[in-house]
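Tertiary structure, described
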Amino acid sequence: MAISNENLVEFTEVQKSYDGETLVVKDLNLSIARGEFLTMLGPSGSGKTTTLMMLAGFESPTHGDVKLDGRTLNNVPPHKRDIGMVFQNYALFPHMSVYENLAFPLQVRKMSKSEVETKVKKALDMVQLGGFGTRRPSQLSGGQQQRVALARALVFQPTLVLMDEPLGALDKQLREHMQLEIKHIHESLGVTVVYVTHDQSEALTMSNRIAVFNDGIIQQLASPPDLYERPENAFVAQFIGENNKLMGKVQHTNGENACTVVLDSGDEVQALPVNIAGAGSATLLSLRPERVTIGPEAGSLPNIFDAEVQELIYLGDHIRTRVKVCGHDDFVVKVPNAQAHAALREGAAVKLGWSIEDCRALDA
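Residues numbered from 1 in each chain as written. Predicted model: local features only at pLDDT ≥ 70, side-chain atom pairs only at ≥ 80, totals over all residues. Heavy atoms only, no water.

Thoughts on the overall build of the protein chain
When you go through the protein chain residue by residue, the secondary structure sums to eight helices and 20 strands. Along the first, second and third principal axes, the C-alpha atoms of the protein chain reach 75 × 45 × 35 Å. Within the protein chain, the fraction of its 364 residues that count as buried is 48%. Counting only contacts in the protein chain whose residues sit at least 6 apart along the sequence, the fraction spanning at least 24 positions is 66%. Looking at the protein chain as shown, the accessible area adds up to about 17000 Å², and 47% of this sits on carbon and sulfur atoms. If you average the places of the 34 positive and of the 44 negative side-chain charges in the protein chain, the two averages end up 8 Å apart. (Helix = DSSP H or I, 4+ residues; strand = E, 2+ residues; numbered from the N terminus. Buried < 20%, exposed > 50% of the residue type's maximum accessible area, 1.4 Å probe, protein only. Contact = heavy atoms within 4.5 Å. Areas by Shrake-Rupley, 256 points an atom, 1.4 Å probe, with all protein chains shown as cover. Lys, Arg positive; Asp, Glu negative; His and termini not counted. Charge placed at Lys NZ, Arg CZ, Asp CG, Glu CD.)

Focus: the environment of Arg345
Here Arg345 lies in the loop between strand 18 (328-336) and strand 19 (349-354). Sequence spacing of Arg345 and Phe11 is 334 residues, and the spatial spacing of their C-alpha atoms is 53 Å. When near neighbours in sequence (up to four residues on either side) are disregarded, Arg345 contacts Val309 and Leu312.

Looking at the packing of helix 2 (residues 98-108) against helix 4 (residues 142-154)
It is the contact of helix 2 with helix 4, at a shortest axis distance of 8 Å, that shows an interaxial angle of 25°. The angle between helix 2 and helix 4 places the two elements in the roughly parallel class. The way helix 2 lies across helix 4 gives a crossing that is right-handed. In this structure, helix 2 contributes Val98, Asn101, Leu102 and Pro105 to the contact, and helix 4 contributes Val148, Ala151 and Arg152. (Axes fitted to C-alpha atoms, helices over the stretch in contact; angles between N-to-C directions. Parallel < 35°, antiparallel > 145°, perpendicular 65-115°, else oblique. Left-handed = near helix turned anticlockwise from the far one by under 90°.)

Remarks on the layout of surface pockets
Taken as a whole, the largest pocket spans an internal volume of roughly 570 Å³. Among the elements of the structure, strand 6 (83-87), helix 2 and helix 4 are those that each provide at least two residues to the lining of the largest pocket. Per element, the largest residue contribution to the lining of the largest pocket is four residues, and it comes from strand 6. Here the second largest pocket defines a volume of roughly 270 Å³. The wall of the second largest pocket is formed by Lys119, Lys122, Ala123, Met126, Leu154, Val155, Gln157, Pro158, Thr159, Leu189 and Val191. Tallying contributions element by element places helix 3 (residues 113-126) first for the lining of the second largest pocket, with four residues. The class makeup of the residues in the lining of the second largest pocket is seven nonpolar, two polar and two charged. (1 Å grid on protein atoms, 1.4 Å probe; cavity = no way out; pocket = protein on both sides within 12 Å on 5 of 7 lines; lining within 4 Å. Points joined across faces, edges and corners; volume = space filled by probe spheres on them. Nonpolar A, V, L, I, M, F, W, Y, C, P; charged D, E, K, R; others polar.)

Some words on helix 3
Spanning 14 residues, helix 3 covers 20 Å between terminal C-alpha atoms, matching the ideal 20 Å at 1.5 Å per step. Those residues of helix 3 lying buried are Val116, Lys119, Val120, Ala123 and Leu124. One face of helix 3 carries all of its buried residues, which in axial projection span an arc of 130°. Among the exposed residues of helix 3, those pointing more than 90 degrees away from its buried face are Thr118, Lys121 and Lys122. Where the residues of helix 3 are buried, they touch helix 2 and helix 4. In the segment just after helix 3, Gln128 is the residue with positive phi, at about 60°. (Expected span 1.5 Å × (residues − 1). Arc of directions from axis to C-beta.)

A word on the nonpolar core
Grouped together as the largest cluster of nonpolar side chains are 34 residues, with contacts concentrated most on Leu102, Val120, Leu150 and Met163. Listed by contribution, the elements that provide at least two residues to this core are helix 2, helix 3, helix 4, strand 7 (160-164), helix 5 (172-189) and strand 8 (192-197). Here this core takes six residues from helix 4, the largest share from any one element. Contact partners of Val120, with chain neighbours within four places excluded, come to Tyr99, Leu102, Ala103, Leu106 and Val155. (Core = buried A, V, L, I, M, F, W, Y, C linked by side-chain atoms within 4.5 Å.)

Here's what the structure looks like:
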């Protein structure tokens, strides 16, 4: 499914304060393309849900404009925005059947009985609940109720669908299954989705782009691979995926592709200067556990250190290896099972190595 070059949603210099003093959302500028699946990701209190609620119409911006399809929404009530919504608590009418829950938004729009029947059947088939129309929500499992809520948000073919932590109440296996269901429905329908979650794996699985929020500000807006492989600051590096961090000072830079950092332990590391203030400045080095080589193969890499294995945790496809290196005893290396060898045991002395481009120097 191709994403349009045309922007469907635009936030321009949007601010939100509940008490007139503290800004929950600060000078937000964000454009969302037609057909895009954009996830707002961040910890509790970061401003992501408030941003979604302003788009839905349940909150009003203190300053700035929110536009949908070129139309300013600031004074448009929620029911006139042509937006579907899916919440964590499903928000289904308990006294109505599944069919009646889906028919309700169509009847409000004064559609004919035959048109309602056609659209409800299509929506139920889409979420694989074709034979459940006569059941009440209380007769459904949590996963089935969430499917009904999704179908109801899509049944009237809205311009935009908003989802606020919709899978938070489901168990891990069902949640992962529903992630793929929603992703595939989005791809087949081409509808624009804005999704809020604090679950990073969910965001990485489903999204075209992810906006990482913290303290009311988008810290980075990028595709999942860019966000994971190329974090732009220390917050994003720590929030997305598992990450080793080493603190130090920039000794000198060697052009755009390398800098020398002296760690607090006194060790020297060659790193990629991503976001640093220059020589003498404090920096945080970010290094993914799967980007570290352990064993004899590490000898050919530009950064190589002696380490001691502290702990081995078997996780099926890989062994999570905690080592002591560069003054840290909580440094983690992910070793694929196929590459594990007999020398990898607790207490063993090993060599660790990594490339310059995988070790990102960020503003501390």
